[in-house]
Amino acid sequence: MIKIAIPGSAGRMGGMLIREIAAAPDLELVAATDRPESPSIGHDAGEVAQTEANGVIIGSEPETLFGLADVVIDFTSPTATLHHAKLAEAHGTAIVIGTTGLSASDETKLLATTKGNAVIYCANTSVGMTLLTQLVEEVAARLTQEWDIEILETHHHHKVDAPSGTALALGKAAAKGRGVALDGVADIVRKGQIGARKQGDIGFAVLRGGDVVGEHSVIFYGESERVEISHRATDRAIFARGAIRAARFAATANAGLYDMTDVLRG
Ligand code: NAD
């Protein structure tokens, strides 16, 4: 049995993960937390996740996640994730991180916490999106600078960060294909008299509304032709299932930093 702990257990992804764990014969939920002010504190994690009661009571002390668990799966917020990542390293506990919206400096801090444990960090844990990201890098590598690259993403109206972590990961893949760093070419905010599009830039456009689980398109605009690569998620269970696959991988992985490509290869 692989013992799993879930911070953010009252959240949308937390609930989905707890339902997936309940259905998996090789996984056991051993601890669950949420923010101290969450109304879920003191309640059974299974009931909060709208599945069978499992006897795991949701607490608010992050340390409780690291006593019994083989793997912690973290879909919370950037501040909480950084704290959990430090605790995971201190305890030598494997951690799967799906939280998005980490700043560049947050990511630098996160990357410094991978010496004593396995860390799987991925802005999108779906299998389809992992393959799409690889495809985007390959297409960008084959097309010349004259092709304008634009990334369009749509998410539900609860989402707090923009562009999505997945859109930025797709931008990084396209930039990598072109042999440049995304920071130097990303065009994220367009408003007012901004002038003509600069060749080589990678543009981002963001839509928010309703209950959209997640839609991403990478569009390569050429002269008189266009290549579009898209992914549409219709059920967030795909992210939970991918995170569970990552947790199984993490349970036996050596210390170090991994992403979903490593998980699919593993
Ligand atoms: P949500 O707001 O429904 O859930 C987040 C939960 O984390 C909440 O219950 C919140 O109270 C809890 N939380 C916040 N701070 C905490 C702390 N210090 N300790 C414990 N719990 C804490 O959000 P969500 O839709 O479940 O998404 C969570 C994160 O996962 C976001 O960053 C989102 O973008 C990301 N996400 C990633 C993927 C992926 O494939 N990697 C997929 C979906 C969502």
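For the structure itself, consult the block above.
Here the structure is a predicted model, which means the values were calculated and not measured. (Residues numbered from 1 in each chain as written. Predicted model: local features only at pLDDT ≥ 70, side-chain atom pairs only at ≥ 80, totals over all residues. Heavy atoms only, no water.)

**A closer look at the overall build of the protein chain**
Rules: Helical segments are the DSSP runs of H or I of at least four residues, strand segments are the runs of E of at least two, and each set is numbered from the N terminus. Based on C-alpha atoms, the radius of gyration is set beside the globule rule, defined as 2.2 Å times the residue count to the power 0.38. Burial classes follow relative accessibility: with a 1.4 Å probe on protein chains only, a residue under 20% of its type's maximum area counts as buried, one over 50% as exposed, and anything between as partly exposed.
Each helix and strand counted, the protein chain has 9 helices and 11 strands in total. Against the compact-globule benchmark of 18 Å for 266 residues, the protein chain has a radius of gyration of 19 Å, which places it among compact chains. Referenced to the eigenvectors of the C-alpha coordinate spread, the extents of the protein chain come out at roughly 60 × 40 × 30 Å. Split into buried and exposed, the 266 residues of the protein chain put 48% on the buried side.

**Side note on the site of the ligand**
Quick reminder of the rule: A molecule or strand has a residue near it when one of that residue's heavy atoms lies within 4 Å. What qualifies as a polar contact is a pair of N or O atoms within 3.5 Å, subject to a donor-acceptor requirement within protein and to the restriction that residues adjacent in sequence count only when both atoms come from side chains. The accessible surface values rely on the Shrake-Rupley method and a 1.4 Å probe; as for residues, cover is taken only from the protein chains in view. Note on residue categories: nonpolar means Ala, Val, Leu, Ile, Met, Phe, Trp, Tyr, Cys or Pro, charged means Asp, Glu, Lys or Arg, and polar means any other residue, Gly included.
Residues in contact with the ligand amount to 22 residues; listed here are only the nearest, Met-13, Asp-34, Arg-35, Thr-100 and Thr-125. Separating an oxygen atom of the ligand from a backbone N or O atom of Gly-11 is a distance of 3.1 Å. Between a nitrogen atom of the ligand and a main-chain N or O atom of Ala-123, the distance comes to 3.0 Å. If the ligand stood free it would expose 860 Å²; the protein chains cover 81% of that surface. Residues belonging to the shell around the ligand are distributed by class as follows: 7 nonpolar, 10 polar and 5 charged.

**Remarks on the sheet that holds strand 3 (residues 71-74)**
Heads up, the condition is: Paired strands are those between which DSSP finds at least two bridges. Here an axis means a line fitted to C-alpha atoms, over the contact stretch when the element is a helix, while the angle between two N-to-C directions is reported on a 0 to 180 degree scale. Two residues form a contact once any of their heavy atoms are found within 4.5 Å.
Taking strand neighbours across the sheet as the criterion, the 6 strands line up as 2-1-3-4-5-11 in an open arrangement whose pairing is parallel. Looking at strand neighbours, the two that pair on one side only are strand 2 (27-32) and strand 11 (256-258), the edges of this open sheet. If you compare each strand with its neighbour and ignore which way they point, the axes differ by 25° on average. Where strand 3 and strand 4 (residues 94-97) come together, 4 bridges link them in parallel fashion. Following the sheet pairing, Val-72 is matched in strand 4 by Ile-95. Helix 3 (residues 78-91) rests against strand 3 and strand 4 of the sheet, and its axis sits at about 160° to strand 4. Each of strand 1 (2-6), strand 2, strand 3, strand 4, strand 5 (118-121) and strand 11 is contacted by helix 8 (residues 237-252), which is oriented at about 150° to strand 3, the strand it contacts most.

**As for the environment of Ile-219**
Within the secondary structure, Ile-219 sits in strand 9 (residues 214-221). Put simply, Ile-219 and Arg-232 are 13 residues apart on the chain and 14 Å apart in space, counted from C-alpha to C-alpha. Leaving out residues up to four positions away in the same chain, Ile-219 has contacts with Asp-148, Ile-149, Glu-150, Arg-226, Val-227 and Glu-228.

**So, the nonpolar core**
We apply this condition: Here, the term nonpolar core denotes a set of buried Ala, Val, Leu, Ile, Met, Phe, Trp, Tyr and Cys residues that are joined through side-chain atoms within 4.5 Å.
Of all hydrophobic cores here, the largest spans 38 residues; its most connected members are Ile-4, Ile-6, Leu-17, Val-71, Ile-73, Val-96 and Ile-120. Going through the elements one at a time, strand 1, helix 1 (12-23), strand 2, strand 3, strand 4, strand 5, helix 8 and helix 9 (260-265) are the ones with two or more residues in this core. Tallying contributions element by element places helix 8 first for this core, with 9 residues. If we ignore the near neighbours within four places in the chain, the residues touching Ile-6 are Gly-14, Leu-17, Ile-18, Ile-21, Leu-29, Ala-31, Ala-32, Thr-33, Leu-65 and Ile-73. Ala-140, Leu-170, Ala-175 and Val-185 belong to the second largest nonpolar core, which has 20 residues in total.

**Some words on the packing of aromatic side chains**
What characterises a pair of aromatic rings is the spacing of the ring centres plus the angle enclosed by the ring planes. Just so we agree on the cut-off: Ring pairs are drawn from Phe, Tyr and Trp, using the six-membered ring of Trp, whenever the two centres fall within 6.5 Å, and their geometry is named by plane angle: stacked under 30 degrees, edge-to-face over 60, tilted for the rest.
One pass over the full model with this rule turns up 1 aromatic pair. Taking 5.2 Å as the distance between ring centres and 80° as the angle between the ring planes, the aromatic pair formed by Phe-249 and Tyr-258 counts as edge-to-face. Here Phe-249 and Tyr-258 have matching classes, each one buried.

**Here's the deal with the pairing of strand 2**
In plain terms, the rule: Orient the strands so they point away from the viewer; a crossover is then right-handed if the path from the first strand over the helix to the second runs clockwise.
The element strand 2 is extensively covered by neighbouring structure, given that 5 of its 6 residues are classed as buried. Note: strand 1 against strand 2, 5 bridges, orientation parallel. Its bridge partner lying in strand 2, Ile-4 is registered against Leu-29. As for the winding sense of the linkage, the β-α-β connection from strand 1 through helix 1 to strand 2 is right-handed.

**With respect to the sheet that holds strand 6 (residues 148-155)**
A sheet is described by the order of its strands in space; here 5 strands give the open sequence 7-8-6-9-10, paired in mixed fashion. In this open sheet, the two edge strands, each paired with only one partner strand, are strand 7 (186-187) and strand 10 (226-233). Its contacts with the sheet put helix 5 (residues 127-142) on strand 6, strand 9 and strand 10, and the angle it makes with strand 10 is roughly 165°.

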